[in-house]
Amino acid sequence: AGNYNVTNVDELFNQVIDLGQQPKEKSDNVLMLEKIGHFLDEENHRLFKIYKAQGLNNMEISEKIKANLNIEDVLKRSFKSVDGGYNMVGMIGNGDTFIIRDPSGIRPSFYASNDEIVVVASERSAIQTVFDMPVEDVKELGPGNALIIKKSGIFAENSIIPPRKKLSCSFERIYFSKGNDKDIY
């Protein structure tokens, strides 16, 4: 799910075909799902071979894979040639979650955490209002970064794509803001 407009869909379509995938349509949503799915499958296979060589049985391997998926690497491989504005969130079958922002910071993205939750939104003020959080507790996800939240609740902001010159969309900034947003003025 997300707020995105990928601008190099034709190029990505050809890349997905070259990977051996067969996308059902040429849309940014389908192509990103295909790319992420492909590199997630490769990561699963890589880990399976390692754990099988260690003599683990399939149930043990499955548990080790769930605990050790390298989501950061999957995202780096999936997004390295994606162009456009995006703030995308995904959940993987093992319960891990990611939020990734375009390297130019076109789409807004904020997050906050406390001892009970990690919350993300395009709107800083939505987090402040719903969770009654002061502005200093709400962080902006850096351009080109991903917030990776493990099923265990451990999370970290990781650099996925080198940031570019920041090109925030003024419409997005105004549309996703409210009067209590300290930076809107």
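Here the structure is shown first, and the text comes after it.
Draft legend 1. Looking closely at the packing of helix α2 (residues 28–53) against helix α4 (residues 71–79). At a closest axis distance of 9 Å, the pairing of α2 and α4 adopts a crossing angle of 135°. In terms of orientation, α2 lies oblique with respect to α4. The handedness of the crossing between α2 and α4 is right-handed. Facing Met 32, Lys 35, Ile 36, Phe 39, Leu 40, Glu 42 and Glu 43 of α2, the residues of α4 in contact are Val 74, Arg 77, Ser 78 and Phe 79. Here the residues of the contact of α2 with α4 sort into 6 nonpolar, 1 polar and 4 charged.

Draft legend 2. Examining helix α5 (residues 124–131) more closely. Along α5, the positions that sit buried rather than exposed are Arg 124, Ser 125, Ile 127 and Gln 128. One face of α5 carries all of its buried residues, which in axial projection span an arc of 160°.

Draft legend 3. Layout of the nonpolar core. Judged by nonpolar contacts, the single largest core of 30 residues is most densely connected at Leu 75, Phe 79 and Ile 100. Contributing elements (two or more residues each) for this core: β1 (2–6), α1 (9–18), α2, α3 (58–68), α4, β2 (84–91), β3 (97–101) and β7 (145–149). Looking at this core element by element, the count peaks at 7 residues for α2. Residues Phe 110, Ala 121, Ile 127 and Val 138 belong to the second largest nonpolar core, which totals 7 residues.

The rules behind these values
Residues numbered from 1 in each chain as written. Predicted model: local features only at pLDDT ≥ 70, side-chain atom pairs only at ≥ 80, totals over all residues. Heavy atoms only, no water. Axes fitted to C-alpha atoms, helices over the stretch in contact; angles between N-to-C directions. Helix = DSSP H or I, 4+ residues; strand = E, 2+ residues; numbered from the N terminus. Parallel < 35°, antiparallel > 145°, perpendicular 65-115°, else oblique. Left-handed = near helix turned anticlockwise from the far one by under 90°. Contact = heavy atoms within 4.5 Å. Nonpolar A, V, L, I, M, F, W, Y, C, P; charged D, E, K, R; others polar. Buried < 20%, exposed > 50% of the residue type's maximum accessible area, 1.4 Å probe, protein only. Arc of directions from axis to C-beta. Core = buried A, V, L, I, M, F, W, Y, C linked by side-chain atoms within 4.5 Å.

Keep in mind these values describe shape, not function.
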